[in-house]
Amino acid sequence: MSEPLLKIDDLTIVFPGGRGALPWHKLPDVRAVQHVSLSIERGETLGLVGESGSGKTTIGRAVLKFIDPVGGTIRLGEFDVSQFGRAVPKPYRKAVQVVFQDPVGSLNPSMLVGEIIGEPLKIHFGMDAATRKQRAEELLEQVGLQRHHLDRYPYEFSGGQRQRIAVARALATEPDLLVLDEPVSALDVSTQSQVINLLERLQRETGAAYLFIAHDLAVVRHVCQRISVMYHSRIVETGPSDLICEEPTHPYTELLIASIPDPDPAVQAAKTVRRRELTLGIAGATGNAPEDGCPFAERCPHAMDVCTTSFPEFVPTIHGGEVACHLHTSGPELNGRPLSEIGAVPN
């Protein structure tokens with residue numbers, strides 16, 4: 001088998017604690033990402049999902065070399081990101097591009113659309129003005145806009161159109177990997193579907209791989225071939241999208257699925273009951289992530305003593321993924337099978 005395009009091994013990212021209420025009081029460091037490993041094949045879309053504050057965007061920023069990890073490695077093809085100095089090689093910037101959540105904040109309001117898209121063409125390909133304009137027109141048409149839009153400013157467009165411009169700019173360098181950081185969460189539902197369909201079509205045309213970061217599991221299921229579920233700095237489950245959504249093997253994944261609204265009142269009522277069963281009244285991931293133990297232990301209805309003292313090893317699941325949960329390592333009850341197959345697990 002060929003090597004994956006992106007390979008992250010044992011990634012750990014720590015942010016220094018700030019100042020407290022008193023000048024001499026220093027807040028503890030924040031462990032934003034702990035011992036995370038994942039990979040993306042060429043042309044594949046991997047969804048990274050979890051609650052706000054789980055660390056998923058921090059991983060994306062580390063891949064883009066916006067922040068430096070304290071441990072672990074990131075490799076993209078021939079590039080070893082961990083060995084980069086302060087100056088990131090231009091070929092790496094060309095190979096990895098990003099589409100941010102907010103299309104308003106990610107586009108320079110003082111630049112014309114033609115200048116926004118033409119800038120990476122000049123930096124990475126050295127194109128002259130005429131060639132840049134021609135290529136920018138092609139990119140705009142590729143994302144569903146018109147050539148005359150080159151001569152407008154970002155504020156003249158709707159949110160969905162601005163996100164299309166951001167996608168066109170990201171595609172200008174012909175990247176191998178696109179980091180999509182909540183690319184549709186700031187858009188209305190109808191516009192979300194249009195942008196998602198656009199991203200899927202562009203992937204078929206360009207062959208680029210996507211790291212799709214989101215909190216909406218329903219959207220991620222539609223877009224991605226595989227999903228990695230992240231909770232409070234840790235990956236807790238990875239596997240094929242459809243099977244993870246239909247047969248979750250980690251309690252937190254089941255909680256995420258139970259939180260997806262359903263138009264059927266009976267199904268929604270059942271989800272509400274299940275969601276209450278899976279939460280113990282704790283609001284969520286706040287404060288610092290534990291160095292040892294499962295970060296979901298405080299909220300998990302199946303928590304055991306071992307859950308608070310050690311993080312579980314990853315074990316294979318029956319649908320071809322991996323899960324980190326002591327329910328699958330402490331006895332024969334689950335052994336990589338979906339939670340739904342055995343009903344309630346005694347505490």
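So, about the packing of helix H3 (residues 113-125) against helix H5 (residues 159-171). In the contact formed by H3 and H5, the axes pass within 8 Å of each other and the chain directions differ by 25°. The orientation of H3 relative to H5 falls into the category roughly parallel. Seen from above, H3 lies across H5 with right-handed handedness. When H3 is examined against H5, the residues Val113, Ile116, Ile117 and Pro120 are found in contact with a partner set consisting of Ile165, Ala168 and Arg169. Partitioned by chemical class, the residues of the contact of H3 with H5 number 6 nonpolar, no polar and 1 charged.

Moving on to the packing of H5 against helix H6 (residues 189-206). Remark: H5 packs on H6, axes separated minimally by 10 Å, with the N-to-C direction vectors making an angle of 15°. Between H5 and H6, the angle is such that the two are roughly parallel. Remark: the crossing between H5 and H6 carries right-handed chirality. Between H5 and H6, the residues in contact are Gly160, Gln163, Arg164, Val167 and Leu171 and Thr191, Gln194, Val195, Leu198, Leu199 and Leu202, respectively. Looking at the contact of H5 with H6 residue by residue, the classes come out as 6 nonpolar, 4 polar and 1 charged.

We now examine the side chain of threonine 238. Inspection of the secondary structure puts threonine 238 in strand S10 (residues 234-240). Given a relative accessible area of 14%, threonine 238 falls into the buried group. Of note is the side chain of threonine 238, whose polar atom sits 3.1 Å from the side chain of serine 228. Leave out the neighbours within four places in its chain, and threonine 238 touches Arg226, Ile227, Ser228, Ile244, Gly321 and Glu322.

Further remarks concern the environment of glutamate 277. Within the fold, glutamate 277 resides in helix H10 (residues 265-277). Take glutamate 277: its relative accessible area is 42%, and that puts it in the partly exposed class. Sequence separation between glutamate 277 and proline 301 is 24 residues, and the spatial gap between their C-alpha atoms is 7.2 Å.

This part takes up the sheet that holds strand S1 (residues 6-15). Across the sheet, 4 strands lie side by side as S2-S1-S4-S5; this open sheet has antiparallel pairing. With partners counted over all chains shown, the strands left at the sheet margins are strand S2 (30-40) and strand S5 (79-80), one partner each. As paired strands, strand S4 (residues 71-76) and S5 are joined by 2 bridges and run antiparallel to one another. The residue bridging arginine 75 from the neighbouring strand is aspartate 80, located in S5. Sheet strands touched by helix H1 (residues 56-63): S1, S2 and S4. Its angle to S1, the strand with the most contacts, is close to 115°.

Once that is clear, we can look at the confidence of the model for the protein chain. Across the protein chain, the average pLDDT comes to 88, with 93% of residues at or above 70. A low-confidence stretch, residues 281-287 stays under pLDDT 50, and its non-local contacts, those more than four residues away or across chains, total 12 contacts.

Let's shift gears to the side chain of glutamate 44. Residue placement: glutamate 44 occurs in the loop between S2 and strand S3 (45-49). Among the polar contacts listed, one links the side chain of glutamate 44 to the backbone nitrogen of glutamate 41, at a separation of 2.8 Å. Apart from the residues within four sequence positions on either side, glutamate 44 is in contact with Ser39, Gln203, Ala209, Tyr210, Gln225 and Arg226.

Another aspect to go through is the packing of aromatic side chains. Within this structure, the stated rule accounts for 8 aromatic pairs. A centroid spacing of 6.0 Å and a plane angle of 10° characterise the contact between tyrosine 153 and tyrosine 155, whose relative ring orientation is stacked. Measuring from centroid to centroid gives 4.6 Å for tyrosine 231 and tyrosine 252, while their planes differ by 55°, and the two rings are tilted. Separated by 21 residues along the polypeptide, tyrosine 231 in strand S9 (residues 226-231) and tyrosine 252 in helix H9 (residues 251-258) bring together distant segments of the chain.

For the rest of this paragraph, the subject is the pairing of S3. Burial runs high along S3: 5 of the 5 residues are buried. The alternating pattern of S3 places Thr45, Gly47 and Val49 and Leu46 and Leu48 on opposite faces, both of which are buried. Relative to S9, S3 runs parallel, the two sharing 4 bridges. Paired with glycine 47 across the bridge in S9 is isoleucine 227.

Tracing the backbone shows alanine 324 in strand S12 (residues 322-324). Since its relative accessible area comes to 0%, alanine 324 is described here as buried. Aside from chain neighbours lying at most four places away, what touches alanine 324 is Ile235, Val236, His250, Phe311, Pro312, Glu313 and Phe314.

With that settled, the discussion passes to the state of the cysteines. This model, assessed by the stated rule, comprises 0 disulfides. The thiol of cysteine 294 is unpaired, and the distance to the nearest cysteine sulfur, on cysteine 307, comes to 6.1 Å.

Here is what the cut-offs are and how they apply
- Just so you know, the residues in each chain are numbered from 1, in the order the chain's sequence is written.
- Where totals are concerned, whole chains, interfaces and linings use all residues; where local detail is concerned, this predicted model gives features only for residues with pLDDT of at least 70, and gives and counts side-chain atom pairs only at 80 or more.
- Excluding hydrogens and water, the side-chain figures rest on all heavy atoms present in the structure.
- Where helices are involved, their axes are fitted lines through C-alpha atoms of the stretch in contact, as for all axes, and angles between N-to-C directions lie from 0 to 180°.
- Numbering goes from the N terminus for both helices and strands, where a helix is a DSSP run of H or I of at least four residues and a strand is a run of E of at least two.
- Under this scheme an angle from 65 to 115 degrees is roughly perpendicular, one under 35 degrees roughly parallel, and one over 145 degrees roughly antiparallel; angles in between are oblique.
- Less than a right angle of anticlockwise turn of the near helix away from the far helix marks a crossing as left-handed, whereas a clockwise turn marks it as right-handed.
- Note on contacts: a residue pair qualifies if any of its non-hydrogen atoms lie within 4.5 Å across the two residues.
- The residue classification treats Ala, Val, Leu, Ile, Met, Phe, Trp, Tyr, Cys and Pro as nonpolar and Asp, Glu, Lys and Arg as charged. All others, Gly included, are polar.
- Note on exposure labels: buried denotes an accessible area under 20% of the residue type's maximum, exposed denotes more than 50%, and partly exposed covers the range between, all computed with a 1.4 Å probe on protein chains only.
- Residues adjacent in sequence count toward polar contacts only when both atoms are side-chain atoms; beyond that, a polar contact is any pair of N or O atoms within 3.5 Å, and within protein one must be able to donate a hydrogen and the other to accept it.
- A pair of strands counts as paired when DSSP detects no fewer than two bridges linking them.
- On a range of 0 to 100, pLDDT expresses the predictor's confidence in each residue.
- Note on ring pairs: Phe, Tyr and Trp rings are taken, using the six-membered ring of Trp, and paired if centres are within 6.5 Å. Classes follow the plane angle, with under 30 degrees stacked, over 60 edge-to-face and the rest tilted.
- Cysteine sulfur atoms are paired as a disulfide whenever they come within 2.5 Å of each other.

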